[in-house]
Amino acid sequence: MAAGRGAELLRPPVSSGRATFLELFFDLAFVVALTRVSQRFAGLSDDTGWALAGGFGRTLLLFLALWLIWSHTAWITSRYEPEQPIIQAVVVGTMFASLIMAVTLPRAMEERALPFAVAYLMVMVVRPLVVAVALRGHPRRLVPFRLVVWALASAPLWLAGALGPDHLRLPLWVVALAVDYLAWTLGWPLPWLGVAKVGRWRIAGTHLADRYQQMFLIALGESILVIGVVFSGADYSAERAAAFAVAFATSALLWRIYFYRAGLLLTEAFDRAGMPGRLGAVSERTHLLIVLSVLVTAVGYELVIDHPYGQPRPSWLLFVVGGPMLFLVARMRLEYEIFGQPSRSQIIGFVALLLFTPLLARWAPMAGLSVVAGVLALVALTGALRRRGQSLKVSTSPIGRETSGDRDSEA
């Protein structure tokens with residue numbers, strides 16, 4: 001009887017794969033969060049050497065904490081019915097905590113460390129506890145119980161980093177975040193209970209694919225926001241107008257390369273997978289890289305529009321060229337996840353950017369962004385011509401082919 005009461009929270013097999021309005025509302029907090037991440041990255045534009053590496057690493061850590069919150073929420077709404085009041089309360093509560101993390105993020109490694117850490121821990125500890133209680137006697141309650149135990153294990157490190165000396169904050173938070181990600185990867189193992197790897201979870205795969213695509217579009221939207229805000233606030237000139245146009249073209253090419261064939265078939269790949277959870281776990285890491293690459297590239301837009309023919313610096317090369325290179329690497333991963341093999345045009349594009357990098361280090365930012373846009377255009381054109389006249393290729397993903405009978409009983 002208890003299991004029956006808890007079962008009403010589970011997503012029915014025939015539920016819609018589309019995201020609910022609640023989830024789209026939830027994403028608004030991450031519009032703010034991604035903008036704050038870009039702001040921190042942009043603040044590194046004048047740094048060099050270890051200062052640049054350290055600043056990039058600190059911002060990356062904060063982004064990874066935000067991503068863990070978002071991805072956990074996407075999996076929750078793919079496993080549990082979002083129309084249930086308790087799940088809606090969980091999502092809205094997570095949104096509020098995420099918004100606190102977003103507004104404190106610009107100074108989260110400094111004087112706002114405590115509210116950032118507390119908001120993060122409220123999600124990581126309280127949210128699974130609420131879900132476990134709501135599931136009552138259902139066997140699946142053991143999964144959120146695992147999350148609570150592991151979150152409590154890393155919580156002292158988060159709090160010690162926030163309350164302790166400033167020079168210990170970064171190493172303590174690195175270890176804490178590593179524990180949280182390791183737990184996610186290993187399936188939150190506990191004595192006598194074994195593991196509950198996400199690859200074996202029962203989820204609405206099409207819903208998870210939809211959520212990944214929406215987060216990519218949110219990141220792209222943030223890049224468009226950067227282009228518009230920077231250009232509208234700068235003194236108008238022909239050079240800045242040209243940089244504005246090239247930046248927009250680059251974002252359009254990122255959209256095209258992502259969705260052409262592989263991105264478009266992501267939902268179908270989840271539909272065809274015997275174990276969509278396994279494909280979802282792999283795709284989650286791929287989309288982490290994709291979203292990060294778009295944010296890094298957006299910072300490059302800001303630098304180029306502000307100073308299209310300024311003096312080259314190591315920082316601009318990291319953002320203008322490094323972001324698109326990371327995108328191509330992640331997009332190759334996605335191609336393999338959908339078709340079982342990487343795209344040759346994307347490999348060639350990555351190698352071309354790699355070979356151009358020593359030259360671009362001596363060229364003006366505008367020249368560098370123009371080369372990047374040209375390479376991305378060739379990648380998009382080559383991929384389209386290679387499949388010209390062919391019917392839409394069916395997903396042949398090598399991931400998650402196992403049958404549903406291979407899943408854990410509690411998942």
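As the structure is a computational prediction, the values presented were derived from the model and not from experiment.

> What is the right way to read the pattern of salt bridges from this model?
Pairing is possible between side chains that carry opposite charge, provided their charged atoms lie close to one another. Counted according to the given criterion, the structure contains eight salt bridges. Note that Asp-166 and Arg-169 form a salt bridge whose closest N and O atoms lie 3.1 Å from each other. Of the two residues, Asp-166 and Arg-169 both sit in helix 7 (residues 166–186), three residues apart, roughly one turn of that helix. On the accessibility criterion, Asp-166 (58% relative accessible area) is exposed.

> Explain empty space enclosed by the protein to me, please; I cannot follow it from the model alone.
One simple way to see leftover space: roll a probe sized like a water molecule over the atoms. Within this structure, the stated rule accounts for four cavities of 30 Å³ or more. In this structure, the largest cavity spans a volume of roughly 170 Å³. Residue lining of the largest cavity: 15 residues in total, with Ile-76, Pro-128, Pro-144, Leu-147 and Trp-201 positioned closest to the centre. Of all the secondary-structure elements, those providing two or more residues to the lining of the largest cavity are helix 3 (49–79), helix 5 (113–134) and helix 6 (142–163). No other element matches helix 5, which puts five residues into the lining of the largest cavity. Classifying every residue of the lining of the largest cavity gives 12 nonpolar, one polar and two charged. Taken as a whole, the second largest cavity spans an internal volume of roughly 90 Å³. Ile-257, Tyr-260, Gln-346, Val-379 and Gly-383 are the residues nearest the centre of the second largest cavity, which is lined by 13 residues in total. Elements that contribute at least two residues to the lining of the second largest cavity include exactly helix 9 (238–263), helix 13 (322–339), helix 14 (344–360) and helix 15 (365–386). Sorting elements by how many residues they give to the lining of the second largest cavity places helix 15 first, with four residues. For the lining of the second largest cavity, the residue count by class is five nonpolar, four polar and four charged.

> Just to check I follow, could you spell out a nonpolar patch on the surface for this structure?
A cluster of nonpolar side chains, Leu-114, Val-118, Met-122, Val-126, Val-130, Leu-159 and Leu-163, forms an exposed patch at the surface whose accessible area comes to about 550 Å². Elements with a minimum of two residues in the nonpolar patch: helix 5 and helix 6. Among the structural elements, Val-126 can be located in helix 5. You can call Val-126 partly exposed: its relative accessible area is 35%.

> How should I be thinking about the nonpolar core in this particular structure?
In globular proteins that are soluble, nonpolar side chains generally tend to be buried together. Judged by nonpolar contacts, the single largest core of 131 residues is most densely connected at Phe-30, Phe-41, Phe-63, Tyr-120, Trp-158 and Trp-173. If you tally residues by element for this core, the top one is helix 11 (residues 276–306), at 16 residues.

> What's the story with the side chain of Thr-20 in this structure? I'm lost.
Tracing the chain through its elements places Thr-20 in the loop between helix 1 (2–7) and helix 2 (21–42). The class for Thr-20 is buried, based on a relative accessible area of 14%. In this view, Thr-20 contacts Pro-82 and Glu-83; residues no more than four positions away in its chain are not counted.

> Can you help me understand the packing of aromatic side chains in this one?
Geometrically, a pair of aromatic rings is defined through the distance of the ring centres and the angle of the planes. Counted by the stated rule, this structure contains 20 aromatic pairs. Through successive ring pairs, a cluster of aromatic residues spans Phe-63, Trp-67, Trp-70 and Tyr-212. The aromatic ring of Trp-201 is capped on one face by Arg-79, whose charged end is 4.1 Å from the ring centroid.

> Just checking my understanding: could you explain the packing of helix 3 against helix 7 for this structure?
Each packed pair of helices is defined by two parameters, the angle between the axes and the distance between the axes. Helix 7 packs onto helix 3 with a crossing angle of 30° between their chain directions and a minimal axis gap of 11 Å. It follows that helix 3 is roughly parallel to helix 7 by the angle criterion. Regarding helix 3 and helix 7, the two cross each other, and that crossing is left-handed. In this structure, helix 3 uses Arg-58, Leu-61, Leu-62, Leu-64, Ala-65, Trp-67, Leu-68, His-72 and Trp-75 to contact helix 7, whose residues at the interface are Leu-170, Trp-173, Val-174, Leu-177, Asp-180, Tyr-181 and Trp-184. Broken down by class, the residue content of the contact of helix 3 with helix 7 amounts to 13 nonpolar, one polar and two charged.

> Whenever I open this one, unusual backbone geometry confuses me. Can you help?
Only a minority of non-glycine residues have a phi that is not negative, and only a minority of peptide bonds are not trans. Despite not being glycine, Trp-188 has its phi angle at roughly 50°, a positive value. Its place among the elements puts Trp-188 in the loop between helix 7 and helix 8 (205–233). At Arg-261, a residue that is not glycine, the phi angle is positive and equals roughly 70°. Its location among the elements puts Arg-261 in helix 9. Since its relative accessible area comes to 7%, Arg-261 is described here as buried.

What counts and what doesn't
The residue numbers shown here count from 1 along each chain, following its written sequence. Predicted model: local features are reported for residues with pLDDT of at least 70 only, side-chain atom pairs are reported and counted for 80 or more only, and whole-chain, interface and lining totals are derived from all residues. Side-chain measures here rest on the full set of heavy atoms in the structure, leaving out hydrogens and waters. By convention in these notes, a salt bridge is any Lys or Arg side-chain nitrogen within 4 Å of a carboxyl oxygen on Asp or Glu. Only DSSP runs of H or I with at least four residues qualify as helices, and only runs of E with at least two residues qualify as strands; both kinds are numbered from the N terminus onward. Think of it in three bands: residues with accessible area under 20% of the maximum for their type are buried, residues over 50% are exposed, and the middle band is partly exposed, with areas taken using a 1.4 Å probe on protein chains only. Here a cavity is any set of points on a 1 Å grid over the protein atoms alone where a 1.4 Å probe fits but cannot get out, and a pocket is any open set with protein on both sides within 12 Å along at least 5 of 7 lines; a residue lines the site when it has an atom within 4 Å of a point. Grid points are joined across faces, edges and corners, and a volume is the space filled by probe spheres set on the points. Polar here means any residue outside two lists: the nonpolar Ala, Val, Leu, Ile, Met, Phe, Trp, Tyr, Cys and Pro, and the charged Asp, Glu, Lys and Arg; Gly therefore counts as polar. In this analysis, a patch consists of residues with relative accessible area above 30% that form no salt bridge, clustered at 9 Å for like charges and at 5 Å for the nonpolar side chains Val, Leu, Ile, Met, Phe, Trp and Tyr. Where accessible areas are quoted, they stem from the Shrake-Rupley method and a 1.4 Å probe; at the residue level, only the protein chains shown are allowed to cover. The nonpolar core is taken to be a set of buried Ala, Val, Leu, Ile, Met, Phe, Trp, Tyr and Cys residues, with the residues joined through side-chain atoms within 4.5 Å. Residue contacts are counted whenever heavy atoms from the two residues lie within 4.5 Å of one another. Whether two aromatic rings pair depends on their centres lying within 6.5 Å, for rings of Phe, Tyr and Trp, where Trp uses its six-membered ring; planes under 30 degrees apart make the pair stacked, over 60 edge-to-face, and the rest tilted. Charges are assigned to positions over rings by a cutoff of 6 Å between ring centre and Lys NZ or Arg CZ, combined with an angular limit of 35 degrees from the ring normal. The convention used is that axes are lines fitted to C-alpha atoms, helices contributing only their stretch in contact, and that angles between N-to-C directions extend from 0 to 180 degrees. Should an angle lie under 35 degrees it is considered roughly parallel, over 145 roughly antiparallel, and from 65 to 115 roughly perpendicular; all remaining angles are considered oblique. By convention the crossing between two helices is left-handed if the near helix lies anticlockwise of the far one by an angle smaller than a right angle, and right-handed if it lies clockwise.

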